[in-house]
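# What the coordinates show
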Amino acid sequence: MFQGASALAMDAKGRLAVPTRHREVLQALCAGQLTVTKHPEGCLMVFPRPAWETFRDRIAALPMSAAGWKRVFLGNAQDVEIDAAARVLIAPELRTAAGLSKDVMLLGMGSHFELWDAATYAAHEAQVMESDLPDALKDFSF
């Protein structure tokens, strides 16, 4: 389970360093093989390859009425590997789609990560914090 937020800096070539706390797990889990694709909320999803394969199969099984979303998730997926310097290269098309600048946030979301432009994520989180709790959380004990 991946959790926690990491503020990272992406270099001019679109590479970012994988946080130290996740490196060993990612090497053991997927030999550093990841898949990156678009998220409906404007960020990117970064999956260890086994988790991606499970997600990919669930998306591929959706009916034709979801063909547009299949294209978003599957048609934009890019396989990447963690390099010898523990960095991942994010494709220019995906960087543009998510509006990524130099400063990014990598959020552990359990089975995968979300990669956000730092300013976009701050605005998104502020909006969420100002909204009412969804019904699913109203009876949740904190």
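Going by the structure above, here's the rest.
Residues numbered from 1 in each chain as written. Predicted model: local features only at pLDDT ≥ 70, side-chain atom pairs only at ≥ 80, totals over all residues. Heavy atoms only, no water.

Below, the discussion takes up the overall build of the protein chain. A tally of regular secondary structure across the protein chain gives six helices and eight strands. Reading the protein chain from its N end, one meets helices and strands in the order β-β-α-β-β-α-α-β-β-α-β-β-α-α. A compact globule built from 142 residues should have a C-alpha radius of gyration of about 14 Å, and the protein chain, at 16 Å, falls within 12% of that. If one aligns the C-alpha atoms of the protein chain with their principal axes, the spans along those axes are about 45 × 35 × 30 Å. Within the protein chain, the fraction of its 142 residues that count as buried is 38%. If you take every contact in the protein chain between residues at least 6 apart in sequence, the share linking residues at least 24 apart comes to 56%. Roughly 8,600 Å² of accessible area belongs to the protein chain as shown, and the carbon and sulfur atoms make up 55% of that amount. Here the protein chain contributes 14 positively and 17 negatively charged side chains, and the mean placements of these two sets differ by 8 Å. (Helix = DSSP H or I, 4+ residues; strand = E, 2+ residues; numbered from the N terminus. Rg over C-alpha atoms; globule rule 2.2 N^0.38 Å. Buried < 20%, exposed > 50% of the residue type's maximum accessible area, 1.4 Å probe, protein only. Contact = heavy atoms within 4.5 Å. Areas by Shrake-Rupley, 256 points an atom, 1.4 Å probe, with all protein chains shown as cover. Lys, Arg positive; Asp, Glu negative; His and termini not counted. Charge placed at Lys NZ, Arg CZ, Asp CG, Glu CD.)

In this section: the layout of surface pockets. When its volume is computed, the largest pocket comes out at roughly 180 Å³. Lining the largest pocket are E41, L107, G108, M109, E114, W116, Y121, H124, E125 and V128. If you list the elements that add at least two residues to the lining of the largest pocket, you get β7 (103-110), β8 (113-117) and α5 (118-130). If you tally residues by element for the lining of the largest pocket, the top one is α5, at four residues. Here the residues of the lining of the largest pocket are counted per class, giving five nonpolar, two polar and three charged. (1 Å grid on protein atoms, 1.4 Å probe; cavity = no way out; pocket = protein on both sides within 12 Å on 5 of 7 lines; lining within 4 Å. Points joined across faces, edges and corners; volume = space filled by probe spheres on them. Nonpolar A, V, L, I, M, F, W, Y, C, P; charged D, E, K, R; others polar.)

As a further point, take the sheet that holds β8. If you trace the six strands from one edge of the open sheet to the other, you get β1-β7-β8-β4-β3-β5, paired in antiparallel fashion. Edge positions in the open sheet fall to β1 (2-9) and β5 (78-81), since each of these has one partner strand only. Sheet twist, expressed as the average angle between the axes of neighbouring strands with direction ignored, equals 25°. In this sheet, β7 lies alongside β1 in antiparallel orientation, the contact comprising eight bridges. (Pairing = 2+ DSSP bridges. Axes fitted to C-alpha atoms, helices over the stretch in contact; angles between N-to-C directions.)

Let's shift gears to empty space enclosed by the protein. Applying the stated criterion across every chain, the model contains one cavity of 30 Å³ or more. Counted as a void, the largest cavity has a volume near 100 Å³. Looking at the largest cavity, the residues that line it are L16, V18, P19, L26, L34, V46, V88, I90, L106, F113 and L115. Looking at the lining of the largest cavity residue by residue, the classes come out as 11 nonpolar, no polar and no charged.

Within the largest apolar cluster, 23 residues are counted, with the highest numbers of intra-cluster contacts made by L26, L34, L44, I90, L100 and L115. Each residue touching L44, except ones within four places of it in the same chain, is listed here: V36, T37, K38, H39, I90, L94, A98, L100, F113, E114 and L115. With six residues, the next largest nonpolar core counts F47, W52, F55 and F73 among its residues. (Core = buried A, V, L, I, M, F, W, Y, C linked by side-chain atoms within 4.5 Å.)

Note that every value here comes from positions in space, so none of it alone points to a role or purpose.
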